[in-house]
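# Coordinates in review
Given next are the chains, with one letter for each unit.
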Amino acid sequence: MDTSGTHRAELSLAGRRLSYLDFGPATGRPLLALHGHFSEGLGFAALAAELGPEWRVIAPDQRGHGESGRASDYSREGYVADAVALLDHLGVPSAVVLGHSMGGKNAYHLAARHPDRVSALVNVDDPVVIPDTGPSGITFCLDWPQRAPTREALLAGLGDAAPMVADLLRE
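My aim in this report is to walk through the structure given alongside it, one point at a time. From a predicted model like this one, the values you see are computed outputs, not experimental measurements. (Residues numbered from 1 in each chain as written. Predicted model: local features only at pLDDT ≥ 70, side-chain atom pairs only at ≥ 80, totals over all residues. Heavy atoms only, no water.)

## Details of the environment of Leu90
To keep things clear, this is the line we draw: Helix and strand assignments follow DSSP, with helices taken as H or I runs no shorter than four residues and strands as E runs no shorter than two, numbered in order from the N terminus. Contact criterion: two residues are considered in contact whenever any of their non-hydrogen atoms come within 4.5 Å of each other.
Within the element layout of this structure, Leu90 appears in helix H2 (residues 76–90). Distance from Leu90 to Asp22, taken between C-alpha atoms, is 9.8 Å for residues 68 residues apart in sequence. Leave out the neighbours within four places in its chain, and Leu90 touches Tyr20, Asp22, Arg56 and Ile58.

This is how it looks when you write it as structure tokens:
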């Protein structure tokens with residue numbers, strides 16, 4: 001996959017780094033692509049390649065993911081504020097917003113709070129309503145180690161999940 005036209009940049013939000021990938025020309029139709037938990041903006045590289053120069057795929061590493069900095073707040077409001085700040089920073093008044101999993105939730109909330117910023121919404125693998133009838137779908141990771149002295153020690157602590165997340169770990 002050719003990602004040679006990809007531009008990685010970052011935006012400082014109150015001292016926290018928001019890293020993003022900008023695929024395609026600035027003149028392409030903007031598509032803000034929001035990834036799910038345990039992922040990052042680079043996951044949209046193949047989509048950006050398929051869409052070609054007609055589209056400008058903007059794929060942030062959402063707070064605490066990929067190359068973006070950790071945040072003290074992981075509320076939906078925080079994720080939405082990041083998306084709006086990124087669109088403002090890039091001078092994009094409105095975009096098609098694609099959200100996968102957690103990114104789908106963030107896309108819904110972005111559209112609800114800022115309908116003028118969302119020209120269309122594409123939901124990938126996220127339910128519209130999540131009933132509060134039990135534990136979250138990501139509770140399996142609550143016992144994972146938060147810190148480890150080495151990458152190898154962290155992977156060992158992840159057990160069977162290590163192969164699924166090894167490529168996503170950052171120092």
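## Observations concerning H2
Going by this rule: Take the number of residues in a helix, subtract one, and multiply by 1.5 Å to get its expected span. Burial status follows relative accessibility: with a 1.4 Å probe on protein chains alone, a residue under 20% of its type maximum counts as buried, one over 50% as exposed, and anything between as partly exposed.
In this model H2 runs 21 Å from its N-terminal to its C-terminal C-alpha over 15 residues, within 8% of the 21 Å that 1.5 Å per residue would give. Within H2 the residues assigned to the buried category are Gly78, Tyr79, Val80, Asp82, Ala83, Val84, Ala85, Leu86, Leu87 and Leu90. Those residues of H2 hidden inside the fold are in contact with strand S1 (7–13), strand S2 (16–23), strand S3 (29–34), strand S4 (55–60), strand S5 (95–100) and helix H3 (102–113). Positive phi appears at Gly91, one or two residues downstream of H2, with a value of about 70 degrees.

## What about the pattern of salt bridges?
Our working definition: The term salt bridge refers to a pairing of a side-chain nitrogen on Lys or Arg with a carboxyl oxygen on Asp or Glu at a separation within 4 Å.
For the coordinates displayed, the defined rule picks out 8 salt bridges. The shortest N-O distance in the salt bridge between Arg8 and Asp61 comes to 3.1 Å. Taken together, the positions of Arg8 in strand S1 and Asp61 in the loop between S4 and H2 put the pair 53 residues apart, joining distant regions of the chain. Judged by relative accessible area, Arg8 falls into the partly exposed class, the value being 36%. In this structure, Glu10 engages Arg17 in a salt bridge whose closest nitrogen and oxygen atoms are separated by 3.9 Å. Residue classification places Arg17 among the partly exposed residues on the basis of a relative accessible area of 35%. Among the charged side chains, a network of salt bridges with common partners joins Arg16, Arg63, Asp73 and Asp82.

Honestly, it's all geometry; don't read function into it.
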